[in-house]
Amino acid sequence: MTTEPHEILRVTDLRTYFPVRSRGIIQRVVGQVKAVDGISLTLDAGETLGLVGESGCGKSTAARSILRLVKPTGGTIELDGQDITTLSRSALVPIRRKAQMIFQDPYNALNPRHTVGSIISAPFTVQGVKPPGGVRAAVQDLMGRVGLNPEHYNRYPNEFSGGQRQRIGIARAIALRPKLIVCDEPVSALDVSIQAQVLNLLRDLQQEFGVAYLFVAHDLAVVRQISNRVAVMYLGHVVEMAPRKVMYTSPRHPYTHSLLSAVPIPDPQRQRTRRRILLEGDLPSPINPPTGCVFRTRCFAAQERCSVEAPPLIELEPGHMVACHFPVTEIPASVATRA
Amino acid sequence: MALPRASADRPFLSVSDLSVRFPTEDGLVYAVDGVTLSVDRGKTLAIVGESGSGKSVTAQAIMGLLDRRYAQVSGEVWLDDEELISQTEEQVRHLRGSRMGMIFQDPMSSLHPFYRVGDQLVEAINAHRSIGKTAARREVVEMLGRVGIQAPERRFDDYPHQLSGGMRQRVMIGMALINSPALLIADEPTTALDVTIQAQILDLISSLQAETGTTVILITHDLGIVADVADEVGVMYGGRLVEVAPTGRLYERPEMPYTLGLLSSVPRMDRERPDRLDPIPGNPPSPINLPAGCVFQPRCTYSQIVGGDTCATVRPELTETEPGHFVRCHLPVTERRRIAADIVRELAGSPR
């Protein structure tokens, strides 16, 4: 497989399993949690891929595995043409210049005993980079770019609000001008008015530096706002991947339909006349996933074949991939709970 | 919605001039500042606002859940024909769980981890009614079934940790409703849940409400949920209600600049994106040091239209601009309607 020059990330058949151990002194491995079970995706320079799904679908584990914060069980991860799947800890250090991460909780991601200046300058120190004009000037420039007051260089994280702390995390992530930033639920802890500010900031930085984002989130509206393409995960699998507008206007996987129909939209007239599917029950256990298609136990379109044969992710039209034996174009009236 | 009227035709729940203050080392925290609202029987009022807007404290004050040693509560809360604020804790405790129930965001912290879920519901019955052991068990099993728990007979003996988050939330709804309260307050009942489970829970609350005629106050930060279930909406900011309107009207013809800011900040799942969102600049005010005039003035882009320093120094009152629609803003009515119409048109401009 040749890597196109503008492709920044290629993930192939990534699997991350966690062992389940028995209780007692001899902790034998008695099973595996298949958190991520064979996902493949690519990301181009300057592009944003949204990765959405509900809790337990494996989206965060996938994001962490891609940056090698969690050890993948199988598959390959190529960053900017280089296979990083099995690199040692020390060999990963230079990789961090190219790929950074922004975390969900701006309260836990920053060391409370370090000043903002030392937090944002950490990448320079770790990587031994000497920015022209000195570290302090570089850090203050970064602070200005993310909308923080550069004079607050010597303050501590507890002196900042949640939104400002997320800006500190963003400044740290862009310090070395990475080509990829993995964002794990970066705005879900923020109030809507602050969330919008941070989404705009991420967008501006992308336009300025051409950084690519892998944007992990559960909020489908936020993902529509920021992404160029969207991948939907369910129980460790990508079940559908499509350009943004296609995903939101003409999805094909029954799970995507259910998910989109469950999100209430801030428009009373339209919301109260939308067709909706209520999924029955809860997510199956990833220790013992259903045979065949993982979604079949809650699917309105499931048939005999779905329990026998796992559907592969196939391209229905250019760029639109669906893992389903019986893709649907709309929610059938017979299964909607509200017409 | 109407402001409290004479007692003869008083709405089912009416709150007038409710204020809650917490003395702290750093000064007096004005958590709730003069909230006045009312809800008719069987209706759903949503209170929306961001963190620190005072929406949860308002709910807790109505339920009598605030510890009077730490909270200074003033104002009146009338539930049907009873005033709650002037009652003793003992009296309010009798009302709680029987006449009014509450659902919280996190079901795990409201269910006791050591007791079987069925027994916890039985206890809720016994606290207010004396019925036999078998009758109580029968009633609990029936309630667990009604809130959508499969095999309720078996689940009766489960401990909370054996249930999923969605099921725990169902158990809590069952517990809140077991004594058929006339008022149900749901404080962010689905915030900790996934959207597909959230849809199940919202449907459950609506259908139980239709069945029993319960009056619901829903506290949320999610404008989508409000659009889905509320009859009326109160928008809170900095401890004050800044706009109150019937749900449809609030989305179609909002007037208060903060409401406009909220509506323009929300990313939309049902529309192709604008290039950039239009967020409210700045940060919410500190509840210790609230602005002297309008609480929203420091972030408001329209206060110069009013002119002078009116917005910064004079506290606007919640005034009725149309029957049922109340706004707390110094902007001239025609002016704010013109601004709002532009924004609403722009928001509706790019359909999917």
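Starting from 1, residues in each chain are numbered consecutively following that chain's sequence as written. Chains carry letters from A onward and ligands carry numbers from 1 onward, assigned in written order. Local features in this predicted model are restricted to residues of pLDDT 70 or higher, and side-chain atom pairs are both shown and tallied only at a pLDDT of 80 or more, whereas totals for entire chains, interfaces and linings draw on every residue.

## Some points on the overall build of chain A
At step 1: Helix and strand definitions here come from DSSP, where helices need a minimum of 4 consecutive H or I residues and strands a minimum of 2 consecutive E residues; each element is numbered from the N-terminal end. Each helix and strand counted, chain A has 11 helices and 12 strands in total.
At step 2: Only C-alpha atoms enter the radius of gyration; for comparison, a globular chain is expected to reach 2.2 Å times N to the power 0.38, where N is the number of residues. The C-alpha atoms of chain A give 21 Å as radius of gyration, which agrees with the globular expectation for 339 residues (20 Å, within 12%).
At step 3: Based on the C-alpha atoms only, the size of chain A along its principal axes is roughly 65 × 55 × 45 Å.
At step 4: Evaluated residue by residue, chain A yields a buried proportion of 46% over its 339 residues.
At step 5: Sequence separation of 24 or more characterises 65% of the internal contacts of chain A that already satisfy a separation of 6 or more. Buried means a residue has 20 or more other C-beta atoms within 10 Å of its own C-beta, exposed means 12 or fewer, and partly exposed covers the counts in between; C-beta atoms are placed from the backbone. We call two residues in contact whenever the C-beta atoms placed from their backbones are within 7 Å.

## Overview of the overall build of chain B
At step 1: Along the backbone of chain B there are 13 helices and 12 strands.
At step 2: Taking 20 Å as the expected radius of gyration for a compact globule of 352 residues, we find that chain B reaches 21 Å, a close match to that expectation.
At step 3: Its C-alpha atoms give chain B principal-axis dimensions of roughly 70 × 50 × 45 Å.
At step 4: Counting over 352 residues, chain B shows a buried share of 47%.
At step 5: Of the contacts formed within chain B by residues at least 6 apart in sequence, a portion of 64% connects residues at least 24 apart.

## Thoughts on the interface of chain A and chain B
At step 1: In this complex, chain A contributes 36 residues to the contact, which on the side of chain B involves 37 residues.
At step 2: Every element with two or more residues in the side of chain A that touches chain B is listed here: α6 (192-209), α7 (220-226), α8 (244-249), α9 (254-262) and α10 (268-271) of chain A.
At step 3: Any residue that is not Ala, Val, Leu, Ile, Met, Phe, Trp, Tyr, Cys, Pro, Asp, Glu, Lys or Arg is counted as polar, Gly included; the first ten are nonpolar and the last four charged. Among the residues making up the side of chain A that touches chain B, the classes are represented as 16 nonpolar, 11 polar and nine charged.

## Focus: the domain arrangement of chain A
Interfaces are often sized by the amount of accessible area the parts lose when they come together.
Residues and elements named next belong to chain A.
At step 1: For every domain, the bounds stem from an assignment made automatically or drawn from a database. Domain parsing of chain A yields domain 1 (7-21 + 31-98 + 178-338) and domain 2 (115-173).
At step 2: The interface of domain 1 with domain 2 comprises 10 residues on the first partner and nine residues on the second.
At step 3: Considering each element in turn, the side of domain 1 that touches domain 2 owes the most residues, four residues, to α6.
At step 4: In the side of domain 1 that touches domain 2, the residues fall into eight nonpolar, one polar and one charged.

## Examining the sheet that holds strand β1 (residues 13-24) of chain B
Sheet strands associate in pairs through backbone hydrogen bonding, adopting either a parallel or an antiparallel arrangement.
Residue and element names in this part refer to chain B.
At step 1: Two strands form a pair only when DSSP identifies at least two bridges running between them. Taken in spatial order, the four strands line up as β2-β1-β4-β5 in an open sheet, and their pairing is antiparallel. Looking along the sheet, the strands with just one partner apiece sit at the ends: β2 (27-39) and β5 (82-83).
At step 2: Bridge count between β1 and β2: nine bridges; the pairing is antiparallel. Opposite L18, over in β2, you have V35 as the bridge partner.

## Observations regarding the nonpolar core
At step 1: A set of buried residues qualifies as a nonpolar core if it consists of Ala, Val, Leu, Ile, Met, Phe, Trp, Tyr and Cys joined through C-beta atoms within 7 Å. Among the nonpolar cores identified, the biggest contains 188 residues, and L180(A) and L214(A) are the most heavily contacted of them.
At step 2: Each of two domains, domain 1 (7-21 + 31-98 + 178-338) and domain 2 (115-173) of chain A, supplies a minimum of three residues to this core.

## Comments concerning helix α4 (residues 135-145) of chain A
Residue and element names in this part refer to chain A.
At step 1: Those residues of α4 lying buried are V139, Q140, L142 and M143. The buried side chains of α4 occupy one side of the element, clustering within an arc of 155 degrees when seen end-on. Away from its buried face by more than 90 degrees, α4 exposes A137 and G144.
At step 2: Residues of α4 that are buried in the fold lie against α3 (116-127) and α5 (162-174).
At step 3: Downstream of α4 by one or two residues, G147 has phi in the positive range, about 85 degrees. Along the arc lie the directions from the helix axis toward the C-beta atoms.

## Considering the pairing of strand β4 (residues 74-79) of chain A
All names here are of chain A.
At step 1: Sheet topology places strand β1 (residues 7-21) next to β4; five bridges connect them, and they run antiparallel. Paired with R10 across the strands is E78, a residue of β4.
At step 2: Where β4 lies against strand β5 (residues 82-83), two bridges are found, and the strand directions are antiparallel. Bridge pairing links E78 to D83 in β5.
At step 3: Connecting the antiparallel pair β4 and β5 is a turn made up of two residues, with D80 showing a positive phi of about 50 degrees.

## Things to note about the confidence of the model for chain B
At step 1: Per-chain confidence: chain B averages 91 in pLDDT, with 96% of residues scoring 70 or above.
At step 2: Complex prediction metrics read pTM 0.90 and ipTM 0.88. Values of pLDDT, which run from 0 to 100, indicate the predictor's confidence residue by residue.

## Observations regarding the packing of α3(A) against α4(A)
All names here are of chain A.
At step 1: Simply put, an axis is a line fit to the C-alpha atoms, just over the touching stretch for a helix, and the angle between two N-to-C directions goes from 0 to 180 degrees. Following both chains from N to C, one finds α3 and α4 inclined at 110 degrees, their axes separated by 10 Å at the closest point. For the element pair α3 / α4, the angle class is roughly perpendicular. Here α3 and α4 pass one another in a crossing that is right-handed. Here α3 contributes G117, I120, S121 and F124 to the contact with α4, which in turn contributes V135, A138, V139, L142 and M143.
At step 2: The residue inventory of the contact of α3 with α4, partitioned by class, reads seven nonpolar, two polar and no charged. In what follows, roughly perpendicular refers to angles from 65 to 115 degrees, roughly parallel to angles under 35, roughly antiparallel to angles over 145, and oblique to any angle outside these ranges. Note: crossing handedness is left-handed where the near helix turns anticlockwise from the far helix by less than a right angle, and right-handed where it turns clockwise.

## Concerning the packing of helix α3 (residues 117-126) of chain B against helix α4 (residues 133-146) of chain B
Residues and elements named next belong to chain B.
At step 1: Viewed as axis vectors pointing N to C, α3 and α4 meet at an angle of 115 degrees, and their least axial separation amounts to 9 Å. Along this stretch, α3 crosses α4, giving a crossing that reads as right-handed. Residues G118, L121, V122, I125 and N126 of α3 pack against A136, R137, E139, V140 and M143 of α4.

## Re the sheet that holds β4(A)
At step 1: Read from one edge of the open sheet, four strands run β2-β1-β4-β5 (chain A), paired in antiparallel fashion. The sheet terminates laterally at β2 (29-44) and β5 of chain A, the two strands that pair on one side only.

## Comments concerning unusual backbone geometry
At step 1: Its identity as a non-glycine residue notwithstanding, D13(A) has a phi of 50 degrees, on the positive side.
At step 2: Mapped onto the elements of the fold, D13(A) is located in strand β1.
At step 3: One non-glycine residue, E188(B), adopts positive backbone phi at about 45 degrees.
At step 4: Along the chain, the position of E188(B) falls in the loop between β7 (183-187) and α7 (195-212).

## Focus on helix α6 (residues 165-177) of chain B
Residue and element names in this part refer to chain B.
At step 1: With 13 residues, α6 should reach 18 Å at 1.5 Å per residue; the first-to-last C-alpha distance of 18 Å fits that figure.
At step 2: Counted residue by residue, α6 has 12 buried out of 13 residues, so it is predominantly covered.
At step 3: What α6 keeps buried is the set G166, M167, R168, Q169, R170, V171, M172, I173, G174, M175, A176 and L177.
At step 4: In this structure, the buried side of α6 is in contact with β6 (100-103), α3, α4, β7 and α7. Expected span of a helix, by definition, is 1.5 Å for each gap between consecutive residues, and there is one gap fewer than residues.

## Structural notes on the pairing of strand β10 (residues 237-243) of chain A
All names here are of chain A.
At step 1: For β10, the tally of buried residues reaches six of seven residues, placing the bulk of the element in the interior.
At step 2: One ladder, built from two bridges, connects β10 with strand β12 (residues 320-322); its direction is antiparallel. Looking across to β12, one finds that E240 is bridged to V322.

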